[in-house]
Every structure is written in C-alpha cells, then in structure tokens.
Amino acid sequence: MPRWLRHNALAVAMLGAFLVFLVLQSVFGWHTHNEELTEFGAAPLSWPAYLTSGHFAESVFENWESEFLQMGGYVLLTAYLVQRGSAESKPMDQTDRPEDDERRATPQSPWPVRVGGLPLVIYRNSLSLALLLIFAGSFVGHLLGGTAAYNQEQALQSGAPPIGAWEFLGTSDFWFQSMQNWQSEFLAVGALILLSIVLRQHASPESKPVTVAHATTGA
C-alpha cells in the first residue's frame, strides 16, 4: 500500500463509502421520484435534472442535518459530561487535559495556540463549532429542499399554491422529517456510550483495551 494511502486510509474509506452511497441514493431516488411523477401524469426528470430537485436536496440535507447535530452535540457534551465505565467518556475527574493548557505550547503547536487571544478562544472550541455550523447549513438546505419538494407534491396532488420556506418551517411535515432522524442519531450514540462499558473491539480507539475492567472510564 502506498505510504500516503496507508496514512490516510480511514478518511479515504469513509469518504469513498460516502460518495458511493450518495451516487446510489441519487440513482434510486431518481427512479422513485420519476415513478411518483408518472403516477400524476407529469413528465419524468433526467438524472442531472433530478440532482437539482427539491426531492434530492431534501433527502440529502435531512440526513446530513441529523448527523452533524449528533456529532457536534456529542463533541460538546463529552467536554463537560462523563459516563462511568464508558470508552466514549473522559476520565471521571478530568476537566481540561494538561495538553489543553496553552502555556504548554511548543513551536509545533497550531498557530492560534501560539498567538493566543481570540484566535485561541475560537480554536479551543473549533471542532464543535465547525460541526454545528455544518448542521446549521444542512438545516437550511433541508428547509429549502423540503419546501420545493412539498410545493411540487401539493401541486401534483391538489393544485395548491406554493408556500414559502418560513411557512414550511411551521409544518408538522418538516419537523416530522427532522425528528425521525434526530432521535435515531442520539439513540445510536447513547447505545455506543453504554455498550462500550462492557463490550470491546480490539485495536479500536473507540473501545477500551480488552483486558481492562468495566469500571475503567475512557479509552
């Protein structure tokens, strides 16, 4: 295996799987949407046209929204909350780690740490901020795509006039779509937190070492 690929294999595997499944989602979603259009006597879309449709945008951003809410919330909550025995928790009595103290900065530390001030304040929280900003963007994408999809569906079914994004935000349809994903994401994380207390996966940083006691907290 080339050195670059070996050093980046985890990211390549995850992003490669993402692209494969995104393309497959678009193909199956295209066929599904065209079947719906045909049922109402509307002309089917080409695949490139489907990629710009509300149906596709809604389905993509609806899922991204929940994923990044989960990850952003998880990163932020694990900074302050603990779970005894879980590999996903920091040790019970730990606040900041020694390496989080900017006074221990070295010439190799990231530049915001060496500069201090506001750049350091932002950098200390940059991971959760970035994830939650992506969540916010995905939320807007879901809202706009969902509005377009809702208006098309209403026009086909009843000829109802279109509504705006603000009006769609107030519908139960929008929040049903969001909640059905949000609850499942937090269930999955909660299950990982609790299962990692008593179960192991050797060689994984998401698991405690195989030989340590269940009460050991943190990986």
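Residues numbered from 1 in each chain as written. Predicted model: local features only at pLDDT ≥ 70, side-chain atom pairs only at ≥ 80, totals over all residues. Heavy atoms only, no water.

This next bit is on the side chain of Glu65. Note on placement: Glu65 falls in helix α4 (residues 54–78). Although Glu65 is buried, it forms no salt bridge, and the closest oppositely charged side chain is Lys90 at an N-O distance of 27 Å. A distance of 2.7 Å separates a polar atom in the side chain of Glu65 from a polar atom in the side chain of His142. Discounting chain neighbours no more than four positions away, the residues touching Glu65 are Phe135, Ser138, Phe139, His142, Ser178 and Trp182. (Helix = DSSP H or I, 4+ residues; strand = E, 2+ residues; numbered from the N terminus. Buried < 20%, exposed > 50% of the residue type's maximum accessible area, 1.4 Å probe, protein only. Lys, Arg positive; Asp, Glu negative; His and termini not counted. Salt bridge = Lys/Arg side-chain N within 4 Å of Asp/Glu carboxyl O. Polar contact = N/O pair within 3.5 Å; in protein donor to acceptor, adjacent residues only side chain to side chain. Contact = heavy atoms within 4.5 Å.)

The next subject is the packing of helix α2 (residues 9–39) against α4. Where α2 meets α4, the axes come as close as 9 Å, and the angle between the chain directions of the two elements is 140 degrees. If you check the angle between α2 and α4, you find them oblique. Relative to α4, the crossing made by α2 is right-handed. Here Phe18, Leu22, Gln25, Ser26, Gly29, His33 and Glu36 of α2 come into contact with α4, specifically with His55, Phe56, Ser59, Val60 and Trp64. In terms of residue class, the contact of α2 with α4 is built from five nonpolar, six polar and one charged. (Axes fitted to C-alpha atoms, helices over the stretch in contact; angles between N-to-C directions. Parallel < 35°, antiparallel > 145°, perpendicular 65-115°, else oblique. Left-handed = near helix turned anticlockwise from the far one by under 90°. Nonpolar A, V, L, I, M, F, W, Y, C, P; charged D, E, K, R; others polar.)

Let us now look at the packing of helix α7 (residues 126–158) against helix α9 (residues 172–198). Viewed as axis vectors pointing N to C, α7 and α9 meet at an angle of 135 degrees, and their least axial separation amounts to 10 Å. Here α9 runs oblique to α7, going by the angle between their axes. Taken as a pair, α7 and α9 cross one another with a handedness that is right-handed. Side by side, α7 and α9 meet where Phe135, Phe139, His142, Leu143 and Tyr150 of the first sit next to Asp173, Phe174, Trp175, Gln177, Ser178 and Trp182 of the second.

Time to look at the pattern of salt bridges. With the rule as written, the count across this model stands at four salt bridges. Taking the shortest distance from any N to any O, the salt bridge between Asp100 and Arg97 comes out at 3.1 Å. You can call Arg97 partly exposed: its relative accessible area is 47%. For Arg124, the salt bridge goes to Glu102, with nearest N and O atoms at 3.8 Å. With Arg124 in helix α6 (residues 117–124) and Glu102 in the loop between α4 and α5 (111–115), this pair connects stretches of sequence that are 22 residues apart. On the basis of relative accessibility, which here comes to 43%, the residue Arg124 falls in the partly exposed class. Counted as one network, the salt bridges with shared partners bring together Asp96, Glu102 and Arg124.

Before going further, it helps to spend a moment on the UniProt feature "transmembrane region" (unreviewed entry) in the chain. Summarizing the sequence annotation, UniProt attributes the feature "transmembrane region" (unreviewed entry) to residues 129–150 in the numbering used throughout. Structurally, residues 129–150 is divided into 100% helix and 0% strand, and its ends, taken at the C-alpha atoms, are 31 Å apart. (UniProt positions renumbered as here; feature names shortened; annotations may be inferred.)

It is worth spelling out the nonpolar core at this point. Core analysis: the biggest nonpolar cluster contains nine residues, these being Leu69, Phe135, Phe139, Leu143, Ile163, Phe168, Leu169, Phe174 and Trp182. For this core, the secondary structure elements donating two or more residues are α7, α8 (165–169) and α9. With three residues, the top contributor of residues to this core is α7. Those residues in contact with Phe168, other than ones at most four positions away along the chain, are Glu58, Leu143, Gly146, Thr147, Tyr150, Ile163, Asp173, Phe174 and Gln177. (Core = buried A, V, L, I, M, F, W, Y, C linked by side-chain atoms within 4.5 Å.)

Glancing now at unusual backbone geometry. Phi angles above zero are rare outside glycine, and Ala203 is one such case at about 75 degrees. As for its position among the elements, Ala203 is in the segment after α9.

Here we come to a nonpolar patch on the surface. A contiguous nonpolar surface patch, about 630 Å² in accessible area, is contributed by Leu10, Met14, Leu15, Phe18, Leu19 and Trp64. Mapped onto the elements of the fold, Met14 is located in helix α2. (Patch = residues over 30% accessible without salt bridge, like charges linked within 9 Å, V, L, I, M, F, W, Y side chains within 5 Å. Areas by Shrake-Rupley, 256 points an atom, 1.4 Å probe, with all protein chains shown as cover.)

In this section: the packing of aromatic side chains. Counted under the stated rule, the structure contains 11 aromatic pairs. Judged by centre distance (6.0 Å) and plane angle (50 degrees), the ring pair of Phe18 and Trp64 falls under tilted. Of the two residues, Phe18 is situated in helix α2 and Trp64 in helix α4; the sequence distance between them amounts to 46 residues. Here the aromatic rings of Phe135 and Trp182 are separated by 6.0 Å at their centres, their planes lie at 65 degrees, and the arrangement is edge-to-face. You can see Phe135 sitting in helix α7 and its partner Trp182 sitting in helix α9, a full 47 residues away along the chain. Within the aromatic cluster, the residues linked to one another by ring pairs are Phe135, Phe139, Tyr150, Phe168, Phe174, Trp175 and Trp182. (Phe/Tyr/Trp six-rings, centres within 6.5 Å; stacked < 30°, edge-to-face > 60°.)

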